Structure formats: C-alpha cells, structure tokens
Amino acid sequence: MKKRGSVTIFICLIFICISALICGLLESARTSASRLYLQTAGGSAIDSLFSRYHRQLWENYRILSLECSDESMQDLMSDYMRSYVKNSGMYRIADPQININKKINLYDSGGMYFEQEIIDYMSLGIFEPFFEGSPEELYKKIEDAGGM
C-alpha cells in the first residue's frame, strides 16, 4: 500500500510555521514603529504646547514656564496630536488618551520652586548686564530709593 501526499502535508506544515514566524516578526516591527510614531507625536505636541511659554519670565530669569490650566493643556495637546493621528497610515492609531500624571506649579510650597529657579539663575552671574555702572552705584541708588 502506497502513501500518497505525505510530503505535501509535511511541506504545508513547514510553510505554515514559517509564515507564522514571518507574520509575527512583521507585527512586532509594526507595533514597535507605531510606539515610536506615538512618541514622536507626543514630543511634537509637548514642544508645540511649550511654544505658549510665559515670555516675561523667560526674558528676565530664563525660566521656561507654561501658562495654562490642566483642562486646556489636555485639549491643546489633543489638538496638536490630531494631525499625527489623522495621518497615521498603517499604524492604525485611534484617539490617544492624554493624562497629566504630575503637574508642579512654580508657586507650590509657598513659591519654593520659583525662588529656587531664580537663585539658580542668579548664581550663574548672568544678571550683571541688567544694570549699568558698578554695584556700589546700584547699592547707593537702592538706599536712596529706600530713604524716599
């Protein structure tokens, strides 16, 4: 009695195993690429969000601070990420959820963070160009102003 088709079944089983391995590798690569795409979208959204920084605080003390409430921050980031989601192509990204885990305000703890940032900035010695003349003249002017 001859057995026919045993080689064909063996080749089909090998082909199924190899195709499953290749498809698994492709799906893993797609998942990794979509993760990178979302990181890029999130980084771009944060950079765009920080384009709304407090300009006077930056010009005077070089402190990059954002003027925004929690709700509007989430809405703005969603708006900035919308173009990435719309053009996601093969990554099939739906609306990503944006959650703010921790927000530290400059005025928290009695303004401790703000004070520390100003002290760090002043310790660099960059504040010298803000006044003209010698420090003694500035001190004299401050004393004169205090006397008035």
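About the cut-offs
- Residues numbered from 1 in each chain as written.
- Predicted model: local features only at pLDDT ≥ 70, side-chain atom pairs only at ≥ 80, totals over all residues.
- Heavy atoms only, no water.
- Helix = DSSP H or I, 4+ residues; strand = E, 2+ residues; numbered from the N terminus.
- Buried < 20%, exposed > 50% of the residue type's maximum accessible area, 1.4 Å probe, protein only.
- Contact = heavy atoms within 4.5 Å.
- Areas by Shrake-Rupley, 256 points an atom, 1.4 Å probe, with all protein chains shown as cover.
- Expected span 1.5 Å × (residues − 1).
- Phe/Tyr/Trp six-rings, centres within 6.5 Å; stacked < 30°, edge-to-face > 60°.
- Lys NZ or Arg CZ within 6 Å of the ring centre and 35° of its normal.
- pLDDT = per-residue confidence, 0-100.

Attention now moves to the overall build of the protein chain. What the protein chain contains, in helices and strands, is 5 helices and 0 strands. N-terminal to C-terminal, the α/β element order of the protein chain is α-α-α-α-α. By the burial criterion, 17% of the 148 residues in the protein chain qualify as buried. Taking as baseline every contact in the protein chain between residues at least 6 positions apart, the subset at least 24 positions apart corresponds to 64%. Accessible surface, the protein chain as shown: approximately 12,100 Å² in total, 58% of it carbon and sulfur.

Right, let's get into helix 1 (residues 6–49). An ideal rise of 1.5 Å per residue puts 64 Å on 44 residues; helix 1 measures up with 64 Å between its terminal C-alpha atoms. Of all the positions in helix 1, only Arg30, Ser34, Tyr37, Ala41, Gly42, Ala45 and Leu49 are classed as buried.

A few words now on unusual backbone geometry. Of note in the backbone geometry, serine 109 takes a positive phi value of approximately 55° without being a glycine. Structurally, the position occupied by serine 109 is in helix 4 (residues 108–123).

Time to look at the environment of isoleucine 46. Tracing the backbone through its elements, the reader meets isoleucine 46 in helix 1. According to the relative accessible area criterion, isoleucine 46 is partly exposed, its value standing at 40%. Measuring from C-alpha to C-alpha, the distance between isoleucine 46 and methionine 81 comes to 9.4 Å, with 35 residues separating the pair along the chain.

This part takes up the packing of aromatic side chains. One pass over the full model with this rule turns up 1 aromatic pair. Taken together, a centroid distance of 5.9 Å and an interplanar angle of 70° make the contact between tyrosine 37 and tyrosine 84 edge-to-face. Residue tyrosine 37 is located in helix 1, and its partner tyrosine 84 is located in helix 3 (residues 70–86); the two are separated by 47 residues in the primary sequence. Cation over ring: arginine 55 sits above tyrosine 53, and NZ or CZ is 4.9 Å from the ring centre.

Considering every residue of the protein chain, the mean pLDDT works out to 82; 89% of them sit at 70 or more. Per-element mean pLDDT across the protein chain ranges from 78 in helix 5 (residues 135–147) up to 91 in helix 1.

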